[in-house]
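Understanding the architecture of this molecule
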Amino acid sequence: MAGEFCKFLQASDLHLEQPLYGLTEVPEHLRELLLEAPLQAAARVFETAILEDVDFVILAGDVINPHTAGPHAMAFLLDQFEQLRDHKIAVYWCGGREDPPEVWPEAVPLPENVQRFPKGKVKPLIHRSGEQPLARIVGVSSPADGLVPVGDFRIEPANMFTVAVACGETDAASAGAHKQIDYWALGGRHESKTLFQGPQTAHYAGSPQGRCPGESGPHGCTLVHVEHGRKARTKFIATETVRWRNESLSLAADSNRNDLQRQLRSAMQRIASEAGGAAVLVAWQIHGCETLVRQLRRGELGRELSEWLRTEFGRAKPTVWTTALQTQTSETIADELYEEDTILGDFLRAIRDHEQEPSRTLNMAAFLPDLGKNRALASALQAVDRDERRTLLHEAARLGLDLLIGEDTLA
């Protein structure tokens, strides 16, 4: 590219020792994919480095914990390093909490193209293209407190593109104060985030593969183009083989089951078209029509719709697998329900009495079948603070409403 003199790849938080988690059940046909997803995503990172013919790769921490990874993941990483070596691509690796330099086994030598940064002292290195200096790379492995030691990056100014490599938490103000550093390659966050960009840049690449429902959305690595004038441009490269999604579906007040299914089908088709080849694990949050929401909370309708979604979309290509179909209800319960001369009305009034009199105890332990065998649980139930009490009473009111209001007919 015209005006470009350097190109590198930034990745972090590969966590090759950590499988995907957060599913209540794992479908048989997705089991191998879920097990291999972290390694496959990492393989795409290193493959991208080779295909893009980068000058070097930066690994900004939490790549692998050798103590928990097992031989398969260790052998995989060494093989990737050797492939980079064969393509004359250097690797600069700072340790994070999971992979400080001292935990790497001495009996397993790293290939000569891999340079590791020590703990406790910022180390400067010069990356060369032949005999020509191309970039200055300064780095340090993460201290025990998990904070980037920004103050230690006191380096002499040089007329050379300078990259700082670190893993941990920092802020834009402290990193931006170091004017001699052109690019901060940061790790320690699983979500991609740019603290600032132009003329300096500070960037977290995020994890190449989301591990759980809380890590939804695209995951990958960052390709960095450096132009003459020491200006860096970043490009996100998706690498995950499994993508987590959280989807919200709003229903009109007069919706019926057919309306809900039509909306779900349309949304699933959209998600499949946006998958980019990755399998998608989607959790649904349904809200709006109270009649349908109550039916879903009771369980049977939710199970039927989940099974339908999994049958129709969970075995297609690309796979879109429904992990959960949950509901969101309004926080308030209609005042007239409290005044009903029914079992429901009696129940809601009892709940209200407890809400209005915080001094009244919630003796939930009394409902355990055998206190002698459940002493720890009984103790936990008795130690309920004010916020937990409010939440429990609200959930009890919603559950009582669902169970006692009677069946609703769905068209």
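These numbers come from a predicted model, not from an experiment.

With 14 residues, helix α7 (residues 300–313) should cover 20 Å at 1.5 Å per step; its first-to-last C-alpha distance of 20 Å lies within 8% of that length. Taken residue by residue, α7 has L301, G302, L305, S306, W308, L309, R310 and F313 as its buried positions.

Most of strand β14 (residues 279–287) sits inside the fold, with seven of its nine residues counted as buried. Alignment of strand β13 (residues 242–250) against β14, held across nine bridges, turns out to be parallel. Within β14, the residue paired with S250 across the bridge is H287. Crossover handedness for the path β13 to helix α5 (residues 257–273) to β14: right-handed.

Moving on to the nonpolar core. L16, V57, L59, I64, L77 and W93 are the most contacted members of the largest nonpolar core, which has 30 residues in total. Contributions of two or more residues to this core are made by β1 (4–11), α1 (31–51), β2 (56–60), α3 (71–86), β3 (90–94) and β11 (220–227). A per-element tally of this core places α3 first, with seven residues. Excluding anything up to four places from it in sequence, L16 contacts P38, L39, A42, V63, I64, A73, F76, L77 and R211.

A complete count under the given rule lists one cavity of 30 Å³ or more for this structure. Along the walls of the largest cavity sit P213, W244, R245, N246, L281, A283 and T323, which together make up its complete lining. Residue assignment for the lining of the largest cavity shows that the elements contributing at least two residues are β13 and β14. For the lining of the largest cavity, the leading source of residues is β13, giving three residues. Each residue belonging to the lining of the largest cavity can be placed in one class, and the counts come to four nonpolar, two polar and one charged.

Calculation notes
Residues numbered from 1 in each chain as written. Predicted model: local features only at pLDDT ≥ 70, side-chain atom pairs only at ≥ 80, totals over all residues. Heavy atoms only, no water. Helix = DSSP H or I, 4+ residues; strand = E, 2+ residues; numbered from the N terminus. Expected span 1.5 Å × (residues − 1). Buried < 20%, exposed > 50% of the residue type's maximum accessible area, 1.4 Å probe, protein only. Pairing = 2+ DSSP bridges. Right-handed = clockwise from strand over helix to strand, strands pointing away. Core = buried A, V, L, I, M, F, W, Y, C linked by side-chain atoms within 4.5 Å. Contact = heavy atoms within 4.5 Å. 1 Å grid on protein atoms, 1.4 Å probe; cavity = no way out; pocket = protein on both sides within 12 Å on 5 of 7 lines; lining within 4 Å. Points joined across faces, edges and corners; volume = space filled by probe spheres on them. Nonpolar A, V, L, I, M, F, W, Y, C, P; charged D, E, K, R; others polar.

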